[in-house]
Amino acid sequence: ATIDFLAHAKLWKVDGIRFLACTFQNLRTTELNSLQLGHGIYSLDANFTVQASCSLPPGTPPPCLPPYLHPSRFIGLDHGIDAKVSNTSWAFTVDQAEFTNNVCGVLADGVIGFEVHRSNFVLGNSVATSLTHPMEAHWDGRHRGIYSYNSFGFLVDDNTATQDVNGTALTEGFVTGYSRDHNDMVFRNHANGLETGYV
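Overview of the structure. The structure displayed is predicted, hence computed values, not measured ones.

**Quick look at the side chain of Ser 148**
- Tracing the backbone through its elements, the reader meets Ser 148 in strand E15 (residues 143–149).
- Ignoring any residue separated from it by four or fewer positions in sequence, one finds Ser 148 in contact with Ala 108, Phe 114, Phe 154, Val 175, Thr 176 and Gly 177.

This is the structure:
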């Protein structure tokens, strides 16, 4: 089938883009191959930030209380964020975002120094019945929260990955592949009800 939707936002060699309280969602329910679900943000050699916004009245001291916090959301996609690097060292940061029923929440391929903080991943209930994206060839049908491949120097902390109560797909929370002998930090994350929390 023809793939007519790649991503909501495509970034190439841009520096400093900010996404505040944005929603990236695929509402189609007939696209059963994962690659056809598209991505929220697809980037190559880009520096960007995904953050929540806060509607507290001016002058109110932080932190932002939950009723006033408006996270960025990634829903029903193949990859919420799909970031790659070819010839720069630019990275991305995600803070207080929500990833719901994507095949993969965040995929970082060769990205040095990316960060994902205080975000929630709900996995296992994507409409995809077959994983057709080339990066998913060896996932054995599993859906993932964060997948880091050939990336290093990253910081993944205070995130939560949870199995969707209606989800039937096998799930893995935080997966790191081929980071080699570099300093990476994955800490204070929580995995609930998944087949595997950490790989």
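That shown, we press on.
**A look at the sheet that holds strand E3 (residues 23–25)**
- If you trace the six strands from one edge of the open sheet to the other, you get E3-E8-E11-E14-E17-E20, paired in parallel fashion. This sheet does not close on itself; its edge strands, each paired only once, are E3 and strand E20 (190–192). On average, each strand axis in the sheet is inclined to that of its neighbour by 10 degrees, with strand direction left out of account.
- The pairing of E3 with strand E8 (residues 72–75) spans three bridges and is classified as parallel.

**Comments concerning the packing of aromatic side chains**
- According to the stated counting rule, one finds twelve aromatic pairs in the structure shown.
- Both rings, one in Tyr 147 and one in Tyr 149, keep their centres 6.0 Å apart while their planes meet at 45 degrees; by these two values the pair is tilted.
- Between Tyr 149 and Tyr 178, the ring centres sit 5.5 Å apart and the planes meet at 80 degrees, which makes this aromatic pair edge-to-face. With a gap of 29 residues between them, Tyr 149 in strand E15 and Tyr 178 in the loop between strand E18 (171–177) and strand E19 (185–187) connect regions that are remote in the sequence.
- For Tyr 149, a relative accessible area of 24% puts it in the partly exposed group.
- Members of the aromatic cluster, joined through ring pairs, are Phe 19, Phe 24, Phe 48, Phe 74, Phe 92, Phe 99, Phe 114, Phe 121 and Phe 154.
- Over the ring of Tyr 147 we find Arg 144; its NZ or CZ atom is 4.5 Å from the centre of that ring.

**Some words on the pattern of salt bridges**
- For the structure on display, the rule yields ten salt bridges.
- Two residues, Arg 73 and Glu 98, come together in a salt bridge whose shortest N-O distance is 3.1 Å. Taken together, the residues span a long stretch of sequence, with Arg 73 in strand E8 and Glu 98 in strand E11 (residues 97–100) at a distance of 25 residues.
- Measuring nitrogen to oxygen at the nearest pair gives 2.7 Å for the salt bridge that ties Arg 144 to Glu 172. Remark: Glu 172 occurs in strand E18 and Arg 144 occurs in strand E15; sequence separation between them is 28 residues.
- A relative accessible area of 8% means that Glu 172 is categorised as buried.
- Linked through salt bridges whose partners overlap, the residues forming this network are Asp 140, Arg 142, Arg 144, Glu 172 and Glu 195.

Rules and cut-offs
- Residues numbered from 1 in each chain as written.
- Predicted model: local features only at pLDDT ≥ 70, side-chain atom pairs only at ≥ 80, totals over all residues.
- Heavy atoms only, no water.
- Helix = DSSP H or I, 4+ residues; strand = E, 2+ residues; numbered from the N terminus.
- Contact = heavy atoms within 4.5 Å.
- Pairing = 2+ DSSP bridges.
- Axes fitted to C-alpha atoms, helices over the stretch in contact; angles between N-to-C directions.
- Phe/Tyr/Trp six-rings, centres within 6.5 Å; stacked < 30°, edge-to-face > 60°.
- Buried < 20%, exposed > 50% of the residue type's maximum accessible area, 1.4 Å probe, protein only.
- Lys NZ or Arg CZ within 6 Å of the ring centre and 35° of its normal.
- Salt bridge = Lys/Arg side-chain N within 4 Å of Asp/Glu carboxyl O.

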